[in-house]
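Summary of the model geometry
Below, each chain spelled out in residue letters.
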Number of protein chains: 2
Amino acid sequence: MYLNRNLHEKFMSPNDIQMIHEYTLKVLDEIGIIFESERALEVFKHHGARVDGETVYISEQLLHEALKTAPSEFELFALDNSVKIGKRYEPVTVGNPAHFQIIHTDGSIKNTTLDDVVNFHKLAETSEVIRMSTSVGYDTDDIDKTLDNMYMPYVALGLKYSSKPVYQANAVTPLNWKNKDLTEAAREIAVFHKKFFDIWDKPVVLSNLALLSPLAVGSEVLANMFGLIEENQPVIFIDCGMTNLTSPPTLMGSIIQSNATLLAAIVLTQLVNPGVPAMFGSVSGPTDMRTLQLAVGAPESMLIQMGLLAMGRFYNLPIRTGVGVSSALDADYQAGAETMMMLTTGLVGKSDFILNTAGPLATYNMGSYEKYVLDEITASYLKRVNQGIMISDKKACFDLMKKVGPRGDYLKGRTSRDYREEHYLPKIFNRHGGNSTVLIEQNGTLRDRAGREVKERLEAYQLPETTKTQQKLLNEYLPPQFRY
Amino acid sequence: MYLNRNLHEKFMSPNDIQMIHEYTLKVLDEIGIIFESERALEVFKHHGARVDGETVYISEQLLHEALKTAPSEFELFALDNSVKIGKRYEPVTVGNPAHFQIIHTDGSIKNTTLDDVVNFHKLAETSEVIRMSTSVGYDTDDIDKTLDNMYMPYVALGLKYSSKPVYQANAVTPLNWKNKDLTEAAREIAVFHKKFFDIWDKPVVLSNLALLSPLAVGSEVLANMFGLIEENQPVIFIDCGMTNLTSPPTLMGSIIQSNATLLAAIVLTQLVNPGVPAMFGSVSGPTDMRTLQLAVGAPESMLIQMGLLAMGRFYNLPIRTGVGVSSALDADYQAGAETMMMLTTGLVGKSDFILNTAGPLATYNMGSYEKYVLDEITASYLKRVNQGIMISDKKACFDLMKKVGPRGDYLKGRTSRDYREEHYLPKIFNRHGGNSTVLIEQNGTLRDRAGREVKERLEAYQLPETTKTQQKLLNEYLPPQFRY
């Protein structure tokens, strides 16, 4: 059982939650949610919901009934390991999907390549913090663009290079899998994972499904959803409203809007396949009206996500929120400050699943190897913060204090077990004292040290063991240069 | 009335607080505290405390009696402004004292000069975040070393270049004021401020007095204390234990030890001058046993300070804790992450006074102009976080949501008052989207942008107005090149 500090209680009172809940009911009942899918609309009609064009109106009763079967937790399996996702468990810290670009150790910025995709899998695999493998159907410049199916190669790369449970960051679209029914494609992906793991009756791939703001669920996402939940695979609905642009100008309004859209989508999953896990996810944030950009690492972003975390807990749903993302353009001071603040939501807040715990910059557009290993330390700091102060008669150390006495010295003999139990000692971060010029000369800048850690981790990486059958499965999709 | 989120309640339960309180009573009664001052020992004896050599044993009754007169809040005055310090008020965010060295915009590291001291006063004076002037008796290389009194020149510089209420970071010692009784010197400093402000019956200078770990108060600090509290000036006792070195290896033990020493010192002030404000301060932290350095920005540091914050609130004392300090060697990712985490204690925790809100690096040894303006943003982020989510029928924006509807657009006309009320838009931090290479070329790196902000602030700075009498007072002590 994980020590849950429920930090969100300091930001949302039971009255606040009740008020947002009631406005959410009004939104669902009076404004409605657009579902861009005939099949979804039919499901809602079949269950007695009022449907007008593509707009679905959900009553309190229907919401209540559907939420009854929505699981509050679930377990996701890989070959020889699994993660448990839910309130009782440690938040599952997940790395980054591939970004459009990478800022490299020398400061140069280049488009992401297949090698980068593989390297990030290697970092995830060798990480003590990152607990899942992130597969992503992003089309790097060097993927074979003549392929109809540009999605499965990335799935195969993930399964080859990481043995951790699989998170699927992107849905299938007509761009990454041409000439294919999307529901069929999503089913195929689910079945491929089942086949690879030889696990047929449990969750094996957790997929992200992005909602549209305001108050809509798009056709491609719905097509993917049907395929995945028919195969009993868990999904995450993720909302990313931007204040004053795609959501109201206030934080409260934005929370209500996200809440309503998320609940509507989760209701649908339960009407289709009662009991299938569906996560309540939000990375909504403020718009910086000077630039019209999502200010992903802004304080308002933390607050909106904290508010939605409180709402997710109110409905007893598994929650994805909190991100190690910054609007910064490099692994600089802004990146450190924003990442620390944003990860506090998930790690002390606490949510159940934190995508982008490590690596992303420039509002998700850019990745950084250095930031990845630095973010791991930030996450570790917050995990230690969440552990808190250990309180017991033993930990009071009264007898030791008496023995040492005023003006005495505690530095004696071997470093005690108590010290080791209570202190997290990071790599890379400076902990030396003395002449800073000399220290920088000797150990390099933080970027240098992070760069060395990346290099060592990539060198120490070992390919997970797989059977011939598995290799054959993957070879069908792996880009030629990455085949077994 | 400031919105106090009492974040410390998520880290210390009432039972935890009670247990630490009880162990503290045992420490005060059975182990005792060393006071290196005949005068202090006589005061304690006079009030019935058991004294053995330099060790004073304080009973629960004596503690209880003394705490009765200790104020929970006070106001500190300057010429035409003041700060209120206490639980009901916003935490007073205070800048940095001068450091031994400065890391400059070009990355070069140089010893601090008088010009740097003045520049930091100028930054404080032009700051929207920093609310006090920090005077510090640090002997820069370029002070006239033949002076007996090398303390007052820094006091005079502070009063000349900043009009904000005065915080005095260092005590007088035989090194910075030669051939002078320290109590007499401290009185003179207090009287000098009274004279300068022409305020004779109110607090005008708040002084820091550092305790010794474990469990002792040094002779110089006590000599200063007597002078200051006789002049009815408030003091801050500040404890900086280091786990496993000068305090127990556990966080709980360190908290008990700091708590006991702080309470003992505060008891003394009330026995000497009942009702004089005495603050409960701690910047204690963990030792990194690999380097034997204070890990000032470590998670254990945040936890110890959060624990002591809870204890200070328990005794209803005004509290100093939380620091914008990092072990980092530059205004880099580590500096951002550690500063954000450490300032959370003070700004969301919350404490009443936060020294080193902006500027310090390398565990207090180094200052950075760039970090100063970046830390101001970090503090502003956390102030916004502390404001929280505004909840009301108006803020729900239901009618607007209905008007815009699903898939609608909120971007219409002028940016609303609600948006402006709820969004903090920082300078310097990147909020642009698009091509990162181009953005860095156009706007420079974060360090470049911070450097420009520093330059603009120093250029925009205007010398506070003073009377001829005040100028004459200061000219007596100002280094020649800084005289009116």
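Residues numbered from 1 in each chain as written. Chains lettered and ligands numbered in written order. Predicted model: local features only at pLDDT ≥ 70, side-chain atom pairs only at ≥ 80, totals over all residues. Heavy atoms only, no water.

The name an unreviewed UniProt entry gives chain A is Trimethylamine methyltransferase, with Eubacterium maltosivorans as the organism. What UniProt records for chain A under Sequence similarities (unreviewed entry) is the sentence "Belongs to the trimethylamine methyltransferase family." (UniProt positions renumbered as here; feature names shortened; annotations may be inferred.)

Across its full length, chain A carries 17 helices and 20 strands. Since a compact globule built from 484 residues should have a radius of gyration of about 23 Å, the 23 Å found for chain A is in line with a globular shape. For chain A, the C-alpha atoms occupy an extent of roughly 75 × 60 × 50 Å along the three principal directions. Counting across all 484 residues of chain A, residues that qualify as buried make up 68%. Carbon and sulfur atoms make up 49% of the accessible area of chain A, which amounts to about 16600 Å² in all. (Helix = DSSP H or I, 4+ residues; strand = E, 2+ residues; numbered from the N terminus. Rg over C-alpha atoms; globule rule 2.2 N^0.38 Å. Buried < 20%, exposed > 50% of the residue type's maximum accessible area, 1.4 Å probe, protein only. Areas by Shrake-Rupley, 256 points an atom, 1.4 Å probe, with all protein chains shown as cover.)

Residue and element names in this part refer to chain A. Applying the stated criterion across every chain yields a total of 57 salt bridges over all chains. Of the charged contacts in the structure, one is a salt bridge between glutamate 231 and lysine 194, with a shortest N-O distance of 2.8 Å. Here lysine 194 lies in helix α6 (residues 182–197) and glutamate 231 lies in the loop between α7 (219–230) and β13 (235–239), a separation of 37 residues in the sequence. Using a relative accessible area of 11% as the deciding quantity, one classes glutamate 231 as buried. (Salt bridge = Lys/Arg side-chain N within 4 Å of Asp/Glu carboxyl O.)

All names here are of chain B. An ideal rise of 1.5 Å per residue puts 27 Å on 19 residues; helix α11 (residues 369–387) measures up with 28 Å between its terminal C-alpha atoms. The opening residue of α11 is serine 368, an N-cap whose side-chain oxygen sits 3.3 Å from the backbone nitrogen of glutamate 370. Positive phi appears at glycine 388, one or two residues downstream of α11, with a value of about 80°. (Expected span 1.5 Å × (residues − 1). Polar contact = N/O pair within 3.5 Å; in protein donor to acceptor, adjacent residues only side chain to side chain.)

For the rest of this paragraph, the subject is the interface of chain A and chain B. Reports of interface size often rely on the accessible area that becomes lost once the parts have come together. Listed per partner, the contact involves 117 residues of chain A and 117 residues of chain B. With both sides pooled, the region where chain A packs onto chain B buries about 10400 Å², and carbon together with sulfur makes up 68% of that total. It is A:Lys10, A:Tyr333 and A:Ile389 that lose the most area in chain A upon contact with chain B, and together they represent 9% of the buried surface on that side. Taken together, the links from chain A to chain B amount to 10 salt bridges. (Contact = heavy atoms within 4.5 Å. Buried area = accessible area lost by both parts, 1.4 Å probe.)

There are two copies of the chain, and a rotation about an axis plus a shift along that axis relates them. Superposing chain A onto chain B requires a rotation of 180° together with a translation of 0.0 Å along the rotation axis, leaving an RMSD of 0.0 Å. With respect to symmetry, the two chain copies, as superposed, fit the operation of a two-fold axis. When the interface residues of chain A are mapped onto chain B, 100% of them again lie at the interface, so the same face is used by both copies. (Least-squares fit on C-alpha atoms with pLDDT ≥ 70 in both.)

Here we take up the sheet that holds strand β20 (residues 366–368) of chain A. Within a sheet, adjacent strands bond to each other through the backbone by hydrogen bonds, running parallel or antiparallel. Residues and elements named next belong to chain A. What the 4 strands build is an open sheet, ordered β8-β7-β20-β19; its pairing is mixed. Each end of this open sheet is capped by a strand with a single partner; those strands are β8 (109–111) and β19 (360–361). Where strand β7 (residues 101–103) and β8 come together, 3 bridges link them in antiparallel fashion. Each bridged residue has a counterpart across the sheet, and for glutamine 101 the counterpart in β8 is asparagine 111. The strands that helix α11 (residues 369–387) touches are β7, β19 and β20; relative to β20, the one it contacts most, it runs at about 65°. (Pairing = 2+ DSSP bridges. Axes fitted to C-alpha atoms, helices over the stretch in contact; angles between N-to-C directions.)

If a residue is not glycine, its phi is most likely negative; likewise, a peptide bond is most likely trans. All names here are of chain A. The peptide bond linking serine 213 to proline 214 adopts the cis configuration, its omega dihedral lying at -10°. Structurally, proline 214 is set in the loop between β11 (205–210) and β12 (216–217). The amide bond that connects glycine 349 to the next residue, lysine 350, takes the cis arrangement and shows omega of -10°. In this fold, lysine 350 is placed in the loop between α10 (333–347) and β18 (353–354). With phi around 45°, asparagine 6 is a residue other than glycine that occupies positive phi space. Here asparagine 6 lies in the segment before α1 (14–31). Look at asparagine 6 and you get buried, because its relative accessible area is 15%. A positive phi angle, close to 55°, is found at asparagine 179, a residue other than glycine. Take asparagine 179: it is sitting in the loop between β10 (166–168) and α6. With relative accessibility at 70%, the residue asparagine 179 sits in the exposed group.

Another aspect to go through is the pairing of strand β5 (residues 82–86) of chain A. Residue and element names in this part refer to chain A. Summarising the sheet, strand β4 (residues 73–77) and β5 pair through 5 bridges and their orientation is antiparallel. Bridging from a neighbouring strand, phenylalanine 74 pairs with isoleucine 85 of β5. Counting the residues that bridge the hairpin from β4 to β5 gives 4 residues.

As a further point, take the nonpolar core. Of all hydrophobic cores here, the largest spans 239 residues; its most connected members are A:Phe35, A:Phe44, A:Phe237, B:Phe35, B:Phe237 and B:Phe280. For A:Phe44, the contacting residues outside a window of four places in its chain are A:Phe35, A:Ala49, A:Val51, A:Val56, A:Ile58, A:Ala264, A:Val267, A:Leu268 and A:Leu271. (Core = buried A, V, L, I, M, F, W, Y, C linked by side-chain atoms within 4.5 Å.)

Moving on, we get to the environment of A:Val438. Residues and elements named next belong to chain A. The residue valine 438 is located in helix α15 (residues 436–443) in this model. Valine 438 gets classed as partly exposed once you look at its relative accessible area, which sits at 36%. Separated by 330 residues in sequence, valine 438 and serine 108 have C-alpha atoms that sit 27 Å apart.

Turning our eyes to something else, we now look at the sheet that holds strand β1 (residues 33–35) of chain B. Residue and element names in this part refer to chain B. Read from one edge of the open sheet, 4 strands run β2-β3-β1-β12, paired in mixed fashion. In this open sheet, the two strands that pair with only one neighbour each are β2 (50–52) and β12 (216–217). The pairing of β1 with β12 spans 2 bridges and is classified as parallel. By the bridge assignment, phenylalanine 35 is partnered in β12 with valine 217. Here helix α1 (residues 14–31) sits on the sheet in contact with β1, β2 and β3 (55–57), set at roughly 125° to β3.

Time to look at the pairing of strand β11 (residues 205–210) of chain B. All names here are of chain B. Here β11 lies mainly inside the structure; 5 of its 6 residues are buried. By the bridge criterion, 3 bridges tie strand β10 (residues 166–168) to β11 in an arrangement that is parallel. Looking across to β11, one finds that glutamine 168 is bridged to serine 207. Two strands pair when backbone bridges link them, and β11 and strand β13 (residues 235–239) are joined in this way by 4 bridges, in the parallel orientation. When the bridges of β13 are listed, leucine 209 appears paired with phenylalanine 237.

What follows concerns the packing of aromatic side chains. One pass over the full model with this rule turns up 26 aromatic pairs over all chains. Each member of the aromatic cluster is reached from another via a ring pair, and the members are A:Tyr333, B:Tyr381, B:Tyr424 and B:Phe429. The ring of A:Tyr484 has A:Lys160 sitting right over it, with the charged end atom 4.5 Å from the ring centre. When the ring centre of B:Tyr57 is taken as reference, the NZ or CZ atom of B:Arg50 above it lies at 3.9 Å. (Phe/Tyr/Trp six-rings, centres within 6.5 Å; stacked < 30°, edge-to-face > 60°. Lys NZ or Arg CZ within 6 Å of the ring centre and 35° of its normal.)

Another point: the side chain of A:Thr344. Residue and element names in this part refer to chain A. On the secondary structure map, threonine 344 appears in helix α10. The class of threonine 344 is buried, set by a relative accessible area of 14%. Apart from the residues lying within four places of it in its own chain, the contact partners of threonine 344 are Leu7, Met302, Gly349 and Leu382.

Turning next to the confidence of the model for chain A. The share of residues in chain A with pLDDT of 70 or more is 100%, and the mean pLDDT across the chain is 95. Taken over the whole predicted complex, pTM reads 0.97, whereas the ipTM for its chain interfaces reads 0.97. (pLDDT = per-residue confidence, 0-100.)

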